[in-house]
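Chain by chain, the residues run as shown.
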Amino acid sequence: MYKLTRHLFILDNDMTKVMGNRYFGSFIKISDECYQILKELLKNNSLEKDFEKIFEDKKDQKYFLNLYKVLLEKRILVDFEDKEYIHNVDLQWELTNHCNLKCNHCISDAVGVQSHQTDYDKIMTIAKKVIDLEPQSLTLTGGEPMILPFFFELSQYIKDSYDGDMTLMTNGTLITEKNAKLIAQFYENVSISIDGVDEKSCSEIRGKGVFGKVINAVSYLKGAGVEKISLSMVLTNNNKQHKNKFYELCNELEVEAQLRSFASVGRGEEHADWYISSDNKEDDNTTVQNEKLLEIKNSQPKVSIGVCGAQYGSITIDPTGDMFLCAPFEYLGQSIGNIINIQNIKEYIKMEKFKKTDAYKEFEKLLLENKEHCKNCNVRFFCWHCPFINEQAIKNDKFYLRHCEMTKKDLKFAVWGELA
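This one's a predicted model, so the numbers in the text were calculated from it and none came from an experiment.

Quick look at the side chain of Asn-189 now. Here Asn-189 is to be found in strand S11 (residues 189–193). For Asn-189, a relative accessible area of 17% puts it in the buried group. Within the structure, Asn-189 has its side chain in polar contact with the side chain of Thr-167 (distance 3.2 Å). With near-sequence residues (within four places) excluded, Asn-189 lies in contact with Asp-165, Met-166, Thr-167, Leu-168 and Lys-228.

Turning our attention to the sheet that holds strand S3 (residues 16–21). Within a sheet, adjacent strands bond to each other through the backbone by hydrogen bonds, running parallel or antiparallel. Spatial strand order, S2-S3-S4: three strands in an open sheet with antiparallel pairing. At either margin of the open sheet sits one strand with a lone partner, and together these are strand S2 (8–13) and strand S4 (26–31). Each strand axis lies, on average, 20° off the axis of its neighbour in the sheet, ignoring direction. Sheet topology places S3 next to S4; six bridges connect them, and they run antiparallel. Within the sheet, the bridge partner assigned to Thr-16 lies in S4 and is Ser-31. Its contacts with the sheet place helix H1 (residues 32–43) against S2, S3 and S4, and it is angled at close to 105° to S4. Where helix H14 (residues 400–416) meets the sheet, its contacts fall on S2, S3 and S4, and the angle it forms with S3 comes to roughly 90°.

This model, assessed by the stated rule, comprises 17 salt bridges. Close ionic contact of Lys-17 with Asp-12 constitutes a salt bridge, the shortest N to O distance being 2.2 Å. Residue classification places Asp-12 among the partly exposed residues on the basis of a relative accessible area of 40%. When the shortest N-O distance is used, the salt bridge between Lys-375 and Glu-372 registers 3.1 Å.

With that settled, the discussion passes to the sheet that holds strand S13 (residues 256–261). Pairing is mixed across the open sheet formed by eight strands, whose spatial order is S13-S12-S11-S10-S9-S6-S14-S15. The outermost strands of the open sheet, each flanked by one partner alone, are S13 and strand S15 (323–324). Both strand S6 (residues 90–94) and strand S14 (residues 314–317) contribute to a ladder of four bridges, which runs parallel. Bridged to Trp-93 within S14 is Ile-317. Across the sheet, helix H8 (residues 210–224) is in contact with S11 and strand S12 (228–235); its angle to S11 comes to roughly 170°.

Quick notes on the rules
Residues numbered from 1 in each chain as written. Predicted model: local features only at pLDDT ≥ 70, side-chain atom pairs only at ≥ 80, totals over all residues. Heavy atoms only, no water. Helix = DSSP H or I, 4+ residues; strand = E, 2+ residues; numbered from the N terminus. Buried < 20%, exposed > 50% of the residue type's maximum accessible area, 1.4 Å probe, protein only. Polar contact = N/O pair within 3.5 Å; in protein donor to acceptor, adjacent residues only side chain to side chain. Contact = heavy atoms within 4.5 Å. Pairing = 2+ DSSP bridges. Axes fitted to C-alpha atoms, helices over the stretch in contact; angles between N-to-C directions. Salt bridge = Lys/Arg side-chain N within 4 Å of Asp/Glu carboxyl O.

What follows is the structure, given as C-alpha cells:
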C-alpha cells in the first residue's frame, strides 16, 4: 500500500497542480482531475495490479501506471509503512569562537585569540557524539578552527572512526607547506574565505597581509594533494564590482568559487549599508509568442524548489555543544539541544525529535508558507531557498516588494507557463 509523502507540498493554479517532496526537492505537475483520482486510488489502497479492473480505457490505465512509477521514483508516493525519517545529516561544527582575524562582517562576531581557552575533554566528548551521529558530511570551522592547540589530534581522532567527507572551513592564514600535508590526510575539502580579489580589496574586510597568505595556502594545499579547494567571497555593496574578477581569480587558481550573501548579523550589524539592494533590477516587458508559452505549459518546470536544509538535518554545533538548525540561525539564540546531554543523538536528529523544541517552532515561523506576504503565493516553494536570506532581504532591501513581484512574474512563467 502507498501513501503521499509526509513532506508533501501542493501548489494550485486553476485546474493544474504542482505536487512534490520538500525533503528530496522533487516535484511533478499534473491536472487537478488526475490529482482527485489519485487521492481516491490511495484512499482505496489501490495498487498497480488493480488498474486493469479500475480503468476501462487503456490509455487511462497506462497513464496512471506511469504516474505511480514517477511518483514513487520522486518519493512523492511512498510505502505506507515508511516513517520517512532523515537519512542524511550535514553537520557543521564550530570548534571555537576565537579567531586570529577580526573580519568586519563576521556573523559569529568571533573574538581574539589572546583570551583563547580550550576545554579538551568537552571537545573530545562532542567529537565522540559527532561520530555516533554518523553525518553524511562534516565541516570543522570556527572562529578559526586551526588555532585549536590539538586541532590535528582531533582531526586524526575523527578520521579514524568516521567514513564521511570532512571539510575544513578556514581563513587560510595558518596553513603552511608542512601542515598542508596533514590537512590532505584528513580533509577531502578545504574552503577558504578571501573576500577580495587582491590585497587592497581583501584587506578592507579581513585585514592586511591576508590575501597573500591565502594565495600561498592554496599553493601549499595543491602541492599536498588536496583536490577540492574553494575560495569564498561575501558580496557587499563595497566589493560587488569585483564579482567577475573573483571568478577570474578562482579560475586562474583552479579552485571552486563560492559567493555568499552578506547578512547584517553579528559584527555585520555595524555595516548594514553593505547589504546589496535589488534597486538595479529592471522590469522585463519582453513578449512571449503563444507557441513558446504552450510549450512551457505542457512541460515540467525547469526550476528547483526551495529546500532548506535546516528542516532536514543540516545542524550546526557551537563550541559548548549547543546545536542550532544552521549557523546563521544561531543569532536567534535558541538551541535545539546540547549534543553532550542527549543520550541517543542519532535517534534525536534522524527521527526528528528536535522538531518538538521551541527553537524549531520559532524557525518554522520564518518558512515562506508561514509568512503573511508569501503563504498564498502559488510559486512560493520555487522562490527563496533559504529562510534566513529571505529574512535579511525583507529587513534590508528597500525594494523587496518590487523584487518579489518581478521574481513572481518569472517563476509563474517557468512553473505555470503563463505571464503574471
